[in-house]
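As a plain string of letters, each chain reads:
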Number of protein chains: 2
Amino acid sequence: MSIETRPSPLPAARTVFFVSDGTGITAESFGHAVLSQFEMRFRQIRLPFIDSIDKARDAARRINETYAIDNQRPIVFSTLVKNDLSAVIRAANGMHMDLFQTFVAPLELELGMKSTHTVGRIHNVVDSEEYKNRIEAINFSLAHDDGQSHKNLAEADVILVGVSRSGKTPTSLYLAMQYGIKAANYPLIPDDFERSKLPSSLPPFKHKLFGLTISPERLSEIRNERRAGSKYASLENCRYEVNEAEILMKREGIRWLSSTTKSIEEIATTILQEIKPDRREY
Amino acid sequence: MSIETRPSPLPAARTVFFVSDGTGITAESFGHAVLSQFEMRFRQIRLPFIDSIDKARDAARRINETYAIDNQRPIVFSTLVKNDLSAVIRAANGMHMDLFQTFVAPLELELGMKSTHTVGRIHNVVDSEEYKNRIEAINFSLAHDDGQSHKNLAEADVILVGVSRSGKTPTSLYLAMQYGIKAANYPLIPDDFERSKLPSSLPPFKHKLFGLTISPERLSEIRNERRAGSKYASLENCRYEVNEAEILMKREGIRWLSSTTKSIEEIATTILQEIKPDRREY
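- As annotated in an unreviewed UniProt entry, chain A carries the name Putative phosphoenolpyruvate synthase regulatory protein and is attributed to Massilia horti.
- Here is the UniProt Function (unreviewed entry) comment for chain A, exactly as written: "Bifunctional serine/threonine kinase and phosphorylase involved in the regulation of the phosphoenolpyruvate synthase (PEPS) by catalyzing its phosphorylation/dephosphorylation."
- The Sequence similarities (unreviewed entry) comment attached to chain A in UniProt states, word for word, "Belongs to the pyruvate, phosphate/water dikinase regulatory protein family. PSRP subfamily."

Here you go:
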């Protein structure tokens, strides 16, 4: 993993390791959330798939080397299910944030059962229903991106509508990828505004429609990145489209949110709260 | 959030809450990893965007109601940056796994600085370079799915190749979505095998190519879900295509991995280790 050093106004960097017997994605997303609370630069080194004593020893060696070079303990976020691997890592010279050791033991007490200490169910994950649903949802969302297909809309969990570049595509893909939600999306275009009607395949599925709107200024900025100076990107046209889209959605009783200052994750989570799909047990 | 109860061989369910001032995605992915260590069913309730005292009180009320109904403490995974909100939640009758409280205080000591206690930088995230890169990567990966476009391949961080349905598309999208990696993908098709050559736009970018292979049995299974009984899905044809693709990749010196038993996350993480893009400081 390469390490860059760019000039930065923040205090000198600490090195952070993410050590996992799987992908390390959980350790990393958790570590990012915690580290973002500190006004400091961090160099990150991801060590995934540490699933044997030899690999754990190599990882421990890298942590110790970094300590020697930095002259400071690296911070080590780890999610290692096996006690023996975890022990090898914790013996290295770092500040250890062992996510499993910290939480699994109290949970064993609370639940009155031992944890399985199996390296993530993830290893059988590709055969699970949930995983198959996710892949199916990704394929569905791709096939139904940007109004490409009217087929099987009855299968959609949600159909996003909104003007071009309001955030429909990344949101649909995120809903599919993260939550296994089949999300179609349809652009609202000037033709629809002139007819004052929703695209013709949508009315039967009105209960599944969810709108994205966006401030005209932001939309114009985004469209200008693609087609600088075009009428399509002009603030005047963006104002017209956004206004018409909001009138249409209001008249049709479509719930909507503004994507202007929201990340894909925030938009997707908000939609999920609204559509409440019945898949909440695991 | 609806709650299903399906028949299950596992012990009766506990209720789990994921409480967050943001999307709750971190709390949830961490909670899933820990809970997957227990052979038990869990009902999950996600409470995102708990960013005011009133919302925290509502959340605490729901936790207490659940305790009364279940006659068991619910398990509460929370990522709340603000101490006052966290205190409201911890006063409720649950088993609390407070991810920030647990790790931020020791980090403050280690780093010799106070945490900012700001609700996720995520709120400014849409203006950040990193976020823009992710959106750009998603658009790039979509535009370069399945060999759709030969334009701007020089911009790609990685170009995945492999037979149809070997996992290229979801992997490309995941790389873009999670890591901001611009991932194009190209199918290897019978025409390529007859010519014994890579698709003609790829040789200039050989250093960025990464192959996905898959067992013929698994491939045939996946293809049969789409086109049952077709020649395309037949085991014989899958054997032929996979074999030819592997011969081609070997001859061209393309690194590859088998997607047969790997999740998208595992495939993406493995590729990331191989291509080591120079973007590892945050």
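1. Remarks on the overall build of chain A
Inference 1: Scanning chain A from N- to C-terminus turns up ten helices and eight strands.
Inference 2: Its C-alpha radius of gyration of 24 Å places chain A more than 25% over the 19 Å reference for a compact globule of 282 residues.
Inference 3: Projected onto its principal axes, the C-alpha coordinates of chain A cover approximately 70 × 50 × 30 Å.
Inference 4: Within the span of chain A, comprising 282 residues, buried residues form 56% of the whole.
Inference 5: Pairs at least 24 apart in sequence give 70% of the contacts found in chain A among residues at least 6 apart.
Inference 6: Carbon together with sulfur atoms contributes 50% to the accessible area of chain A, which is approximately 12200 Å² in total.
Inference 7: Within chain A, the 37 negative side-chain charges are centred at a point lying 1 Å from the centre of the 37 positive side-chain charges.

2. Things to note about the interface of chain A and chain B
Inference 1: Between chain A and chain B, the residue contacts involve 95 residues of the former and 95 residues of the latter.
Inference 2: Contact between chain A and chain B buries roughly 9100 Å² in total, counting both sides, with carbon and sulfur atoms accounting for 60%.
Inference 3: In this structure, the connection of chain A to chain B is made through six salt bridges.
Inference 4: A:Glu110 is the partner of B:Arg73 in a salt bridge, and the nearest nitrogen-oxygen pair spans 2.3 Å.
Inference 5: Summed over the shared surface of chain A and chain B, the number is ten residue pairs in polar contact (both at pLDDT 80 or more).
Inference 6: When its residues are assigned to classes, the side of chain A that touches chain B shows 43 nonpolar, 25 polar and 27 charged.

3. Concerning the UniProt feature "binding site: ADP" (unreviewed entry) in chain A
Residues and elements named next belong to chain A.
Inference 1: The sites that UniProt annotates as "binding site: ADP" (unreviewed entry) are Gly-162, Val-163, Ser-164, Arg-165, Ser-166, Gly-167, Lys-168 and Thr-169.
Inference 2: Within the secondary structure, Ser-164 is located in the loop between β5 (158-162) and α6 (168-179).
Inference 3: Apart from the residues lying within four places of it in its own chain, the contact partners of Ser-164 are Leu-188, Leu-219, Arg-223 and Tyr-232.
Inference 4: Within the secondary structure layout, Gly-167 lies in the loop between β5 and α6.

4. Brief notes about the relation of the copies chain A and chain B
Two copies of the chain are present, and they differ by a rotation about an axis and a shift along that axis.
Inference 1: With an RMSD of 0.1 Å, the fit of chain A onto chain B corresponds to turning through 180° and sliding 0.0 Å along the axis. Taken together, the rotation angle and the small translation identify this as a two-fold axis.
Inference 2: Both copies share a contact surface, since 100% of the interface residues of chain A are interface residues in chain B too.

5. Looking at the sheet that holds strand β1 (residues 14-20) of chain A
Residue and element names in this part refer to chain A.
Inference 1: Here four strands make up an open sheet; going across it, the order is β2-β1-β3-β4 and the pairing parallel. Across the chains shown, the open sheet's two edge strands, defined by having one partner strand only, are β2 (42-47) and β4 (95-98). Averaged over all neighbouring strand pairs, the angle between strand axes comes to 20°, with direction disregarded.
Inference 2: One ladder, built from four bridges, connects strand β3 (residues 75-79) with β4; its direction is parallel. Within the sheet, the bridge partner assigned to Ser-78 lies in β4 and is Asp-98.
Inference 3: Against the sheet, helix α1 (residues 25-35) engages β1, β2 and β3, with an angle of about 140° to β3.
Inference 4: Of the strands in this sheet, β1, β2 and β3 touch helix α2 (residues 53-70), which is tilted by about 175° from β1.

6. Digging into the sheet that holds strand β4 (residues 95-98) of chain B
Residue and element names in this part refer to chain B.
Inference 1: With parallel pairing, the four strands of this open sheet are ordered in space as β2-β1-β3-β4. In this open sheet, the two edge strands, each paired with only one partner strand, are β2 (42-47) and β4. Across the sheet, the axes of successive neighbouring strands diverge by a mean angle of 20°, strand direction being ignored.
Inference 2: Pairing of strand β1 (residues 14-20) with β2, which is carried by six bridges, proceeds in the parallel orientation. Counterpart to Val-16 in the pairing with β2 is Gln-44.
Inference 3: The strands touched by helix α1 (residues 25-35) are β1, β2 and β3 (75-79); relative to β3, the strand with the most contacts, the crossing angle is about 140°.

7. A look at the pattern of salt bridges
Inference 1: Summed over all chains, the structure comprises 36 salt bridges over all chains.
Inference 2: With a shortest N-O distance of 2.9 Å, A:Asp51 and A:Lys55 are connected by a salt bridge.
Inference 3: On the basis of relative accessible area, A:Asp51 is assigned to the partly exposed category, the value being 39%.
Inference 4: Under the relative-accessibility criterion, A:Lys55 is labelled partly exposed at 37%.
Inference 5: A salt bridge links B:Arg43 to B:Asp70, with the shortest nitrogen-to-oxygen separation between them at 3.1 Å. On the criterion of sequence distance, the pair formed by B:Arg43 in strand β2 and B:Asp70 in helix α2 (residues 53-70) is long-range, its members being 27 residues apart.
Inference 6: For B:Arg43, a relative accessible area of 14% puts it in the buried group.
Inference 7: By relative accessible area, B:Asp70 is classed as partly exposed at 22%.
Inference 8: The structure contains a network of salt bridges with shared partners spanning A:Arg14, A:Arg73 and B:Glu110.

Calculation rules
Going along each chain's sequence as written, the residues are numbered from 1 onward. Chains and ligands are labelled sequentially in the order written, the chains with letters from A and the ligands with numbers from 1. For a predicted model such as this one, the threshold for reporting local features is a pLDDT of at least 70, and the threshold for listing and counting side-chain atom pairs is 80 or more; totals across whole chains, interfaces and linings nevertheless cover every residue. Neither water nor hydrogens contribute to the side-chain values; these are computed over all heavy atoms in the structure. UniProt positions are given in the numbering used here, feature names are shortened, and annotations may be inferred rather than shown by experiment. Numbering of helices and strands runs from the N terminus, with a helix taken as a DSSP run of H or I at least four residues long and a strand as a DSSP run of E at least two residues long. In this treatment the radius of gyration is a C-alpha quantity, and the globule benchmark scales as 2.2 Å times the residue count to the 0.38 power. Partly exposed residues are those whose accessible area sits between 20% and 50% of the maximum for their type, while under 20% is buried and over 50% is exposed, using a 1.4 Å probe and protein chains only. What makes two residues a contact is simply this: any of their non-hydrogen atoms within 4.5 Å. Every accessible area reported is derived by Shrake-Rupley at a probe size of 1.4 Å, with residue values counting cover from the shown protein chains alone. Only four residue types enter the charge count: Lys and Arg as positive, Asp and Glu as negative, with His and the chain ends excluded. Charged side chains are reduced to one point each, which is NZ for Lys, CZ for Arg, CG for Asp and CD for Glu. Two parts placed together each lose some accessible area; with a 1.4 Å probe, that loss summed over both constitutes the buried area. Put simply, a salt bridge is a Lys or Arg side-chain nitrogen that is within 4 Å of an Asp or Glu carboxyl oxygen. Counted as a polar contact is a pair of N or O atoms within 3.5 Å, where, for protein atoms, one must be capable of donating a hydrogen and the other of accepting one, and residues adjacent in sequence contribute only when both atoms are in side chains. Side-chain classes follow a simple rule in which Ala, Val, Leu, Ile, Met, Phe, Trp, Tyr, Cys and Pro form the nonpolar group, Asp, Glu, Lys and Arg form the charged group, and the remainder, Gly included, forms the polar group. Alignment of the copies relies on least squares applied to C-alpha atoms, considering only residues that score at least 70 for pLDDT in both. In this analysis, strands are considered paired if DSSP registers two or more bridges between them. Only the contacting stretch of a helix is used when fitting its axis, a line to C-alpha atoms as for every element, and angles between N-to-C directions run 0 to 180 degrees.

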